[in-house]
Amino acid sequence: MHGRQGRSVGLGLALASAFAFGGSGVAAKPLIEAGLDPLHVVWLRVTGAAVVMLPVAWRHRALLRRSPTLLAGFGLFAVAGVQACYFAAVARIPVGVALLIEYLGPALVLLWVRFVQRRPVTRAAAVGVVLAVGGLACVVEVWSGLGFDPWGVLLALGAAFCQVSYFLLADHGGSGGAREAAGDTGERARRTERAEEAERAEPTERAEPTERAEPTERAEPTHPMGVVAYGLLVGAVVLTVVARPWGMDRSVLSGDVDLGTSRVPALLLLGWVVLIATVLAYTTGVLAVRGLSPQVAGVVACLEAVVATVLAWVLLREHLAPPQILGGALVLTGALIAQSTTPKAPSGPVAGGPGKGAVATGGGAEASGVPEVGGVADAGGDRVPLSEERSGP
């Protein structure tokens, strides 16, 4: 019951993030066509969002001491890296090709989880990735811009790897500390177990164990809003160096720009890009990764390209060809398949600490290679509350 509800909430957040991210291009394109440099638009987007999130950053300032590496990595790769690499790539290769390469990210997430982290991956997630990537090729009409520029391809791959870091770091932000505590506690438990075995082997000469198991220490997950706030701050600093905004044509922002057949204030579109396509998109995206898993959330995120294409068709009167419609259906199908299967929860004793962050030992989640995140067991695609795991179906 709770597992299905958690998956539904995670899926809803992933869809909200995809729709929010997907609207960024439609709002940013009129600003670019009015005379702003693409990198300047990206700088305005990230810096504006960072300013909005300053109160949140101050509230969660303890994160600077607890997780400085996570915050720096999220800002450098998941915020600044994706944006800078993508826009540098589209300067050399067609937008559709760059977008397709960038959205190889979910497939790379799947490979990372399976072969580097050695965590189980559901067949549904793998099938969903294949369908989503194939559908994306149709959505961006990759055949219409075939060409090879090695630097452009490498930059697009850089955007893909930065997108991978977005999903993995978002997941680590909710589980990294818990996993470290799990490793420490697991080592102590193994030492204690060896001491107990020695006692059983020599019942007549019982010796006091030299080391005792210490209570499980709770490592609280980093707050998603704090991760987003500091990630945006770091990204704004990096993009300031890259974009050099002091040369920006600020007069564009004081006037109106063309949005399809109508004229709208440039500041209105900038507000949409900052508040919806950045603050809301990143926040719901991080929450979605923690509610689902990096590989499933990554597949659902492929809908961003579909949303962007449909919004461009409706608002900017850009033509939508039949192959793009078919591609959108394939991406949607892949996303639905990827999140449809709930693997069985791992069985085994669970040594619970106070509150969230219980650590599985013996034959449980830790032994099976399935980490626990925020009080739930991640079974390679979906999460099941520990209370359900202990009580059974």
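Here, the structure is the one placed above.
Residues numbered from 1 in each chain as written. Predicted model: local features only at pLDDT ≥ 70, side-chain atom pairs only at ≥ 80, totals over all residues. Heavy atoms only, no water.

A. How the structure looks around a nonpolar patch on the surface. Taken together, Leu111, Trp112, Phe115 and Val116 make up a surface patch of nonpolar side chains, about 430 Å² in accessible area. Here Phe115 shows up in helix 8 (residues 105-116). The class for Phe115 is exposed, based on a relative accessible area of 56%. (Patch = residues over 30% accessible without salt bridge, like charges linked within 9 Å, V, L, I, M, F, W, Y side chains within 5 Å. Areas by Shrake-Rupley, 256 points an atom, 1.4 Å probe, with all protein chains shown as cover. Salt bridge = Lys/Arg side-chain N within 4 Å of Asp/Glu carboxyl O. Helix = DSSP H or I, 4+ residues; strand = E, 2+ residues; numbered from the N terminus. Buried < 20%, exposed > 50% of the residue type's maximum accessible area, 1.4 Å probe, protein only.)

B. View of the environment of Ala338. Within the secondary structure, Ala338 sits in helix 15 (residues 322-338). Along the primary structure Ala338 and Ala297 are separated by 41 residues, whereas in three dimensions their C-alpha atoms are 8.8 Å apart. Ignoring any residue separated from it by four or fewer positions in sequence, one finds Ala338 in contact with Ala124, Ala125, Gly128, Val296 and Val299. (Contact = heavy atoms within 4.5 Å.)

C. View of the state of the cysteines. Inspection of the entire model under this criterion finds zero disulfides. Cys162 forms no disulfide, and the closest cysteine sulfur to it belongs to Cys85, at a distance of 4.6 Å. A relative accessible area of 8% means that Cys162 is categorised as buried. (Disulfide = S-S within 2.5 Å.)

D. Just the nonpolar core, in detail. The biggest cluster of nonpolar side chains holds 98 residues, and the ones touching the most others in it are Leu36, Phe74, Tyr166, Leu232 and Tyr282. If you tally residues by element for this core, the top one is helix 12 (residues 266-291), at 11 residues. Apart from the residues lying within four places of it in its own chain, the contact partners of Tyr166 are Ser17, Phe21, Phe74, Ala78, Ala281, Tyr282, Gly285 and Val286. (Core = buried A, V, L, I, M, F, W, Y, C linked by side-chain atoms within 4.5 Å.)

E. Region of the structure containing the pairing of strand 2 (residues 262-265). The sheet contact formed by strand 1 (residues 256-259) and strand 2 spans four bridges and is antiparallel. Among the inter-strand pairings, Val257 is bridged to a residue of strand 2, identified as Val264. Turn length for the strand 1-strand 2 hairpin, with the two strands adjacent in sequence and antiparallel, is two residues, and the turn residue Gly260 shows positive phi of about 70°. (Pairing = 2+ DSSP bridges.)

F. Highlighting the side chain of Arg45. Within the secondary structure, Arg45 sits in helix 3 (residues 38-52). Separated by 2.8 Å, the side chains of Arg45 and Thr278 make a polar contact. Residues in contact with Arg45, not counting those within four places in the same chain, are Phe21, Ser24, Gln83, Val273, Val274, Ala277 and Thr278. (Polar contact = N/O pair within 3.5 Å; in protein donor to acceptor, adjacent residues only side chain to side chain.)

G. Summary view of unusual backbone geometry. With phi around 55°, Arg118 is a residue other than glycine that occupies positive phi space. By secondary structure assignment, the location of Arg118 is in the loop between helix 8 and helix 9 (123-139). Residue Arg118 is classed as exposed on the basis of its relative accessible area of 64%. Its identity is not glycine, yet Arg244 carries a phi of approximately 50°, on the positive side.

H. A look at the environment of Leu36. Inspection of the secondary structure puts Leu36 in the loop between helix 2 (24-33) and helix 3. Among the residues examined, Leu36 registers a relative accessible area of 3% and is labelled buried. Measuring from C-alpha to C-alpha, the distance between Leu36 and Met248 comes to 6.9 Å, with 212 residues separating the pair along the chain.

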